[in-house]
Structure formats: C-alpha cells, structure tokens
Amino acid sequence: MKLLVTGGAGYVGSVCAARLVESGHEVVVLDDLSTGHADAAPDGVRLVEAGIDDAIGDLLAEGFDGVLHFAAKSLVGESMLDPAKYWQGNVVTSLRLLDAMREHGTPRLVFSSTAATYGEPEQVPIAETAPTRPTNTYGATKLAIDHAITSYAAAHGLAAVSLRYFNVAGAYGRFGERHGVETHLIPIVLQVASGRRERVQVYGDDWPTDDGTCVRDYIHVVDLADAHLRALEHAAAGEHRIYNLGNGLGFSVKQVIDACREVTGHPIPADVAPRRAGDPAVLVASSEKARTELGWKPERVDLAGIVRDAWDFTRSQQGA
Ligand code: UDP
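Residues numbered from 1 in each chain as written. Predicted model: local features only at pLDDT ≥ 70, side-chain atom pairs only at ≥ 80, totals over all residues. Heavy atoms only, no water.

Chemist: Can you help me understand the overall build of the protein in this one?
Modeler: Of the regular secondary structure elements, the protein holds ten helices and 14 strands. Its C-alpha atoms give the protein a radius of gyration of 19 Å, within 12% of the compact-globule value 20 Å for 320 residues. Its C-alpha atoms give the protein principal-axis dimensions of about 55 × 45 × 40 Å. Burial statistics for the protein: of 320 residues in total, 54% are counted as buried. Roughly 13,500 Å² of accessible area belongs to the protein as shown, and the carbon and sulfur atoms make up 49% of that amount. Taken as two groups, the 29 positive and 42 negative side-chain charges of the protein have centres that lie 1 Å from each other. (Helix = DSSP H or I, 4+ residues; strand = E, 2+ residues; numbered from the N terminus. Rg over C-alpha atoms; globule rule 2.2 N^0.38 Å. Buried < 20%, exposed > 50% of the residue type's maximum accessible area, 1.4 Å probe, protein only. Areas by Shrake-Rupley, 256 points an atom, 1.4 Å probe, with all protein chains shown as cover. Lys, Arg positive; Asp, Glu negative; His and termini not counted. Charge placed at Lys NZ, Arg CZ, Asp CG, Glu CD.)

Chemist: Is there a simple way to think about the packing of aromatic side chains in this case?
Modeler: We describe a pair of aromatic rings using the distance from one ring centre to the other and the angle between the two ring planes. Overall, the coordinates contain zero aromatic pairs when judged by the stated rule. Sitting over the ring of F64, K2 keeps its end group 4.6 Å from the ring centre. The ring of W207 carries the charged tip of R275 above its face, separated from the ring centre by 3.8 Å. (Phe/Tyr/Trp six-rings, centres within 6.5 Å; stacked < 30°, edge-to-face > 60°. Lys NZ or Arg CZ within 6 Å of the ring centre and 35° of its normal.)

Chemist: When you look at the pattern of salt bridges in this model, what are you seeing that I'm missing?
Modeler: In a structure, side chains of opposite charge can pair up when their charged atoms sit close to one another. Across all of its chains, the model carries 19 salt bridges by this definition. Among the ionic pairs, K85 bridges to E78, the shortest N-O distance being 2.8 Å. In this structure K85 comes out as partly exposed when scored by relative accessible area, which is 32%. Accessibility expressed as a relative area gives 26% for E78, which makes it partly exposed. Beyond isolated ion pairs, a larger network of salt bridges with shared partners links K2, R46 and E62. (Salt bridge = Lys/Arg side-chain N within 4 Å of Asp/Glu carboxyl O.)

Chemist: How should I be thinking about unusual backbone geometry in this particular structure?
Modeler: As a rule of thumb, non-glycine residues mostly have phi less than zero, and peptide bonds are mostly trans rather than cis. Backbone torsion omega between V124 and P125 reads -5 degrees, so that peptide bond is classified as cis. In this fold, P125 is placed in the loop between β5 (108-114) and α5 (137-156). Here L33, not a glycine, exhibits a phi torsion of approximately 60 degrees, which is positive. Structurally, the position occupied by L33 is in the loop between β2 (26-31) and β3 (46-49). We note that I268 has phi near 45 degrees; this positive angle belongs to a residue other than glycine. Relative to the helices and strands, I268 is located in the loop between α8 (253-264) and β13 (270-273).

Chemist: Where do I start with the environment of H104 in this structure?
Modeler: Position of H104 relative to the elements: it lies in helix α4 (residues 83-104). The spatial distance from the C-alpha of H104 to the C-alpha of A61 is 5.8 Å, given a sequence separation of 43 residues. For H104, the contacting residues outside a window of four places in its chain are G57, L60 and A61. (Contact = heavy atoms within 4.5 Å.)

Chemist: When you look at the sheet that holds strand β14 (residues 282-283) in this model, what are you seeing that I'm missing?
Modeler: For sheets, the rule is that strands pair by backbone hydrogen bonds, running either parallel or antiparallel. Taken together, the three strands give an open sheet; going across it, the order is β12-β9-β14, and neighbouring strands pair in mixed fashion. One side of each edge strand has no neighbouring strand; the edge strands of this open sheet are β12 (251-252) and β14. Relative to β14, strand β9 (residues 215-216) runs parallel, the two sharing two bridges. Directly across from V215, in β14, lies its bridge partner V282. (Pairing = 2+ DSSP bridges.)

Structure representation (structure tokens):
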C-alpha cells in the first residue's frame, strides 16, 4: 500500500514507519519536526517537512491507500497549562486531515489514540467498553478526535481504527524515545543511569498497590507498531474500530526502577516525592479485543527486555 505517516519522525511514528517499509509498503512521512527528528525518518521513506495544515491537501491528492496519524501534541502537563495548543494542534488539525481524506477519497485511517481517553478506571484491566472520562486535556482532545472519526466513518465510508496505547516503552534499533522535555518514567530512570540526571523521583509510595507505587502497563514499541500493520489489514469501510494496546501486565514504579538497575548496573538513587496530579493508581489494559479481532499478541512482554532495548538506544545516542 502507499501510506502516509503523519508524525513519522517521532518516537512511535518512526518505529511504525520502519516496520511498514520492512513489510514492503511505500511510505511518505509528513512531519513538521516540532518534536520529531529528521534523522528518525527511516531509510526508504520520503520525508515531507511540513505541517498537516499546509501540506495535507496537496499530498493526499497524489493518491494514498491510507493514513497512519501519529502527529500530535502529547504532554499531559502542558495540555493543562496551554489547552489551546492541544485543541488546535490535535483536534483542529485532525479535522483538517479527515476532510482532506474525504475530499481525496483516501480509504483507510489508523489513529494513535490513548489510554488517557478513559481517565480514572472503575475496573482494571480496562476494556474498550469502559467509560471515557479523561482527566486531562490531552486525553480529552484524543477522545474528541475518536468521536469525529466515528462519525466520518459512518457518514463517508472511511475504514478507521483507533489504537489506544498504554505506556509505550523500549526502542527499535536506531528508533527510540528522544523528547526535548522528558516526563516518562523509563527514559527518566535511564537518564540517571547514563549520568544525565542525578536521581529519580518516585511520585508517591502510599498508593493502594502491592508496593505502594503506581502500576502501569508497559508495551514494547515494536509490538505496538505491529498492531498498526494488523489494524491496516483489518480496517473495514464504514466502520470505526477501537482497540486497547497493552501487555496486560502491570509493573510498579519500583519494579521499573529495579529492572533498570539490573539492566544498567547503575544504583539509580531514588527519592519518594509527592503524588503527581492526575495519576491513577493502576492502569492496565485488557487487549483481548485486539487479540481476538486483529490476531495481535504482544511478543516482547518481559520488562527487563523492554528496558534493555531502551538502554541500548540511550547509549547509542550518547555515542552519537
Ligand atoms: N513516575 C515517577 N517518576 C517520574 C516519572 C513518572 O514516579 O519521574 C511515575 C508516574 O507517577 C506514573 C508512572 O511513573 O505512575 C508512569 O508515568 P509516565 O509519565 O511514564 O506515564 P503515564 O502513565 O503518566 O502515561
């Protein structure tokens, strides 16, 4: 297929673009490089350095079989302080994309949604039938886009799949997490191990969990990318399907730090700090629907293995 990958110079987008190229697809990456990196676009893709607003019409006029839409603002804290950036950058831009797809008859869309659409869960593991009550602006904008996709699919025959990611981690060779502002646990802990940060703060150790720290579902970025390939194959005209993607296994903040100590051999000093606003105690996905309907199964479920891939990537960056 000829595929457009928006945000394909970012973390998840670049891994996905690389896997698509390896599977024989023709890939064009559209990225404004506001948070992505030009050298993260895989070999064999055409990189168009532009925003969706400026470039989407002309690009889709070329004729594409589908779009994988990763380009987004994705910092939860920032979304609370500067909501306009998120409503404009995520919702308005995605509407532009949907309209351009309709205009040019682009048949398929795979959208990068998030577990943040659910908010504080009533039950774990979280299934797609759980209520969607996002507790931050980032999650609210992704949910709004999901709603828009549902109505475009119903009205205009778009074949659409939204994938709701839990905690994405790990790396794929030279493709990994390189954020200007880092807020995620594993990269922060690895910054300590690589000497770029003194200590890690554990946001609360009095949560109602086995060891008192928050539990999250860490999914390897390659497993996640592979779910996108399956979603493309299973997308059906006029339908919007939604799937949660996680390991189904929860790991606590303490377990993550211990795994990083084991993999890196660094003592990784950690301090207990106050809870972070908006953090639920436990977020674990039920990915049963993706397993059953997409035939997808996460293969890289071992936490130490996920951390090892992220660590190899961190060290390669330091050497760069
Ligand atoms: N966390 C932490 N210290 C940090 C960063 C994160 O204790 O420096 C915790 C955070 O409170 C959450 C978990 O690690 O319970 C995962 O956070 P992350 O930001 O990686 O992902 P989120 O689950 O918020 O999407």
